[in-house]
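Secondary and tertiary structure notes
Here is what each chain is made of, one letter per residue.
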Amino acid sequence: MISYSETPIQELYSSEISEAGVRVLIKREDLNHPEVSGNKWWKLKYNLELAIKQKHGVLLTFGGSYSNHLYATAAAASSLGLKSIGVVRGEETLPLNPTLTFAQSKGMRLHYVSREQYQRKNDPAFLDELRQAYGDFYFLPEGGTNEMAVKGCMELGRKLVHEIDFDTLCIPVGTGGTLSGLVGALHNNQRVIGFSVFKDGSFLESEVGRWIDPGAVASWRVETRYGFGGYAKTSPALLEFIDRMQKHHGLPLDHVYTAKMLFGIMDMIGKGEIHRSQKVLVLHSGGLQGVSRTNPAEPR
Ligand SMILES: *Cc1c(COP(=O)(O)O)cnc(C)c1O
């Protein structure tokens, strides 16, 4: 299938962290594959296996024009000799941005739909219309979240539990597929904090719960204070944080997901909200494709 590189765990050292008596370890899952990276590798794993087993030649999925999921799906399909179609929210704007340029270079066919049409992304009648236009395909929902994705993320969770001892696992939350899988793999003395990347993440708790294995024993919650005004929104403080993490810790973060999470973790540590002697494992879920070429922390 898609190749996988083992990834390091990087401990973060700072005076705030040591004063709080906690430890912060970053699982650099962003380094697991150059193109199908981070949590997307795990979310795609069993979907790709199933698509091939079912003899599908085409993957079809949905995403916004900066979507890490579209990027990863295009790369994965290309390396497995599958065709891919990306249904993109909004009108085509030229020149294509780096994400869509990459997806297209991997052979992904881009199908633009209005924001209203995009709302029908899970409507079977809409999928039928797309089948009439493009022929049969393996359907991957927006963000790649489905049962197979949760299965892959549960496998990642088991790997983390096996590799390192920790009390709290922190991850960014978009659709919650990653969180759901991870929660299912942890022990009952471990917990997951998911950091919502939306303005109001309160809807996430019920969304996320939908995918969690009924036998899950770890506790979890969604932290909604660090959405920075909305999906992909930033602030000068967040950009300065990204810059500082890169300069002082050699830690690259993206402004949509991982920076909001780590900013939140550091803020909570500063406020004494993470108990002394807690070992915090932070999943670096990737997302750097959007950063390397258009680094928001770079002076413009
Ligand atoms: C897609 C993505 C997420 C969100 O994953 P969900 O399973 O949708 O919650 C988190 N981090 C990064 C870097 C991503 O690309």
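Small disclaimer: the values here were computed from a predicted structure and weren't measured.

Another point: the site of the ligand. The local shell around the ligand holds 15 residues, among which Lys 40, Lys 43, Thr 175, Thr 178 and Ser 285 are the closest. Between an oxygen atom of the ligand and a side-chain N or O atom of Asn 68, the distance comes to 2.7 Å. Between the ligand and Gly 174 there is a distance of 2.8 Å, counted from an oxygen atom to a backbone nitrogen or oxygen. Alone, the ligand offers 380 Å² of accessible surface; in the complex the protein occludes 97% of this. The set of elements that each furnish at least two residues to the shell around the ligand consists of α2 (39-53), β7 (168-173) and α8 (177-185).

Time to look at the side chain of Thr 73. Residue position: Thr 73 is located in helix α3 (residues 68-79). Its relative accessible area of 0% is what places Thr 73 among the buried residues. Residues within four places of Thr 73 in sequence aside, it is in contact with Leu 44, Leu 59, Thr 61, Met 108 and Leu 140.

So, on to the confidence of the model for the protein chain. Taken residue by residue, the protein chain gives an average pLDDT of 94. The fraction at 70 or more is 97%. Counting contacts from residues 293-300, a segment whose pLDDT is below 50, to residues more than four positions away or on other chains yields nine contacts.

As a further point, take the nonpolar core. Formed by 43 residues in total, the largest nonpolar core has its most connected members in Val 36, Leu 160, Phe 166, Leu 169, Leu 179 and Leu 186. Of the residues that make up this core, three or more belong to each of domain 1 (9-34 + 147-290) and domain 2 (39-144).

Moving on, we come to the pattern of salt bridges. Applying the stated criterion across every chain, the model contains 18 salt bridges. Residues Glu 163 and Lys 27 are paired through a salt bridge, measuring 2.7 Å at the closest nitrogen-oxygen approach. Of this pair, Glu 163 sits in helix α7 (residues 147-163) while Lys 27 sits in strand β2 (residues 23-27), and the two are 136 residues apart along the sequence. We classify Glu 163 as partly exposed; its relative accessible area is 36%. Overall, Lys 27 belongs to the buried group, its relative accessible area being 0%. Asp 30 is the salt-bridge partner of Arg 28, the closest N and O atoms lying 2.9 Å from each other. Overall, Arg 28 belongs to the buried group, its relative accessible area being 8%.

Take the sheet that holds strand β8 (residues 191-196) next. Ordered by their spatial adjacency, six strands build an open sheet running β1-β2-β10-β7-β8-β9, and the pairing between neighbours is mixed. Pairing within the sheet leaves two strands with one partner each, and these edge strands are β1 (9-12) and β9 (219-223). For this sheet, the mean inter-axis angle between neighbouring strands, taken without regard to orientation, is 25°. Note: β2 against strand β10 (residues 279-283), five bridges, orientation parallel. Bridge assignment links Ile 26 to a residue of β10, and that residue is Val 282.

Compared with the 16 Å implied by 1.5 Å per residue over 12 residues, the 17 Å span of α3 between its first and last C-alpha is a close match. For α3, a buried count of 10 out of 12 residues is recorded, marking the element as mostly surrounded by other parts of the structure. Buried within α3 we find Asn 68, His 69, Leu 70, Tyr 71, Ala 72, Thr 73, Ala 74, Ala 75, Ala 76 and Ala 77. A side-chain oxygen of the first residue of α3 lies 3.1 Å from the backbone nitrogen of His 69; this N-cap is Ser 67.

Here we come to the packing of aromatic side chains. A complete count under the given rule lists 12 aromatic pairs for this structure. Both rings, one in Phe 62 and one in Tyr 118, keep their centres 5.8 Å apart while their planes meet at 70°; by these two values the pair is edge-to-face. With Phe 62 in strand β3 (residues 58-63) and Tyr 118 in helix α5 (residues 115-118), this residue pair connects regions lying 56 residues apart in the sequence. One exposure class covers both Phe 62 and Tyr 118, and it is buried. Ring-pair connections join several aromatic residues into one group, and the members of that group are Phe 62, Tyr 118, Phe 126 and Phe 139. In this structure, Lys 40 is placed above the aromatic ring of Tyr 257, and the distance from its NZ or CZ to the ring centre is 5.7 Å. Arg 89 extends its terminal NZ or CZ atom over the ring of Tyr 118, reaching a point 5.2 Å from the ring centre.

Attention now goes to helix α6 (residues 124-134). All of the buried residues in α6 are Phe 126, Leu 127 and Leu 130. Down the axis of α6, the buried set is contained in an arc of 100°. They therefore lie on one face. Facing away from the buried side of α6, by more than 90 degrees, are the exposed residues Pro 124 and Gln 132. Against β3, β4 (83-89), β5 (109-113), α5 and β6 (138-140) lie the buried residues of α6. Capping the start of α6 is the job of one residue whose side-chain oxygen sits 2.9 Å from the backbone nitrogen of Ala 125: Asp 123. Gly 135 lies just past α6 and shows a positive phi near 85°.

Conventions we followed
Per chain, residue numbering runs from 1 following the sequence as it is written. With pLDDT at 70 or above as the cut-off, local features in this predicted model cover only qualifying residues; side-chain atom pairs require 80 or more to be listed or tallied, and sums for whole chains, interfaces and linings still use all residues. Excluded from the side-chain calculations are hydrogens and water; all other atoms, namely the structure's heavy atoms, are used. Residues are classed as near a molecule or strand on a simple rule: at least one heavy atom within 4 Å of it. Each polar contact in these results corresponds to two N or O atoms within 3.5 Å; when the atoms are within protein, one needs to be able to donate a hydrogen and the other to accept it, and residues that are neighboring in sequence are counted only if both atoms are side-chain atoms. Residue burial considers only the protein chains on display, and all accessible areas are found by Shrake-Rupley using a 1.4 Å probe. Under the DSSP-based scheme used, a helix requires at least four consecutive residues in state H or I and a strand at least two consecutive residues in state E, with every element numbered from the N terminus. Each residue's exposure class comes from its accessible area (1.4 Å probe, protein chains only) as a fraction of the maximum for that residue type: buried when under 20%, exposed when over 50%, partly exposed otherwise. Whether two residues are in contact is decided by their heavy atoms: any pair within 4.5 Å suffices. For every residue, the predictor reports its confidence as pLDDT, a number between 0 and 100. We define the nonpolar core as a collection of buried residues of types Ala, Val, Leu, Ile, Met, Phe, Trp, Tyr and Cys that are connected through side-chain atoms lying within 4.5 Å of one another. Here the bounds of each domain stem from an automatic or database domain assignment. Salt bridges are defined as contacts in which a side-chain nitrogen from Lys or Arg sits within 4 Å of a carboxyl oxygen from Asp or Glu. Two strands make a pair as long as DSSP finds a minimum of two bridges between them. In this description, a line fitted to the C-alpha atoms serves as the axis of each element, helices being fitted only across the stretch in contact, and the angle between N-to-C directions of two axes falls anywhere from 0 to 180 degrees. Any helix carries an expected span of 1.5 Å times its number of residues minus one. Aromatic contacts are taken between Phe, Tyr and Trp rings whose centres are within 6.5 Å, Trp giving its six-membered ring; a plane angle under 30 degrees counts as stacked, one over 60 as edge-to-face, and the others as tilted. By the criterion adopted, a ring carries a charge over it if an Arg CZ or a Lys NZ lies within 6 Å of its centre and within 35 degrees of its normal. As used here, the arc is the angular range of directions from the helix axis to the C-beta atoms.

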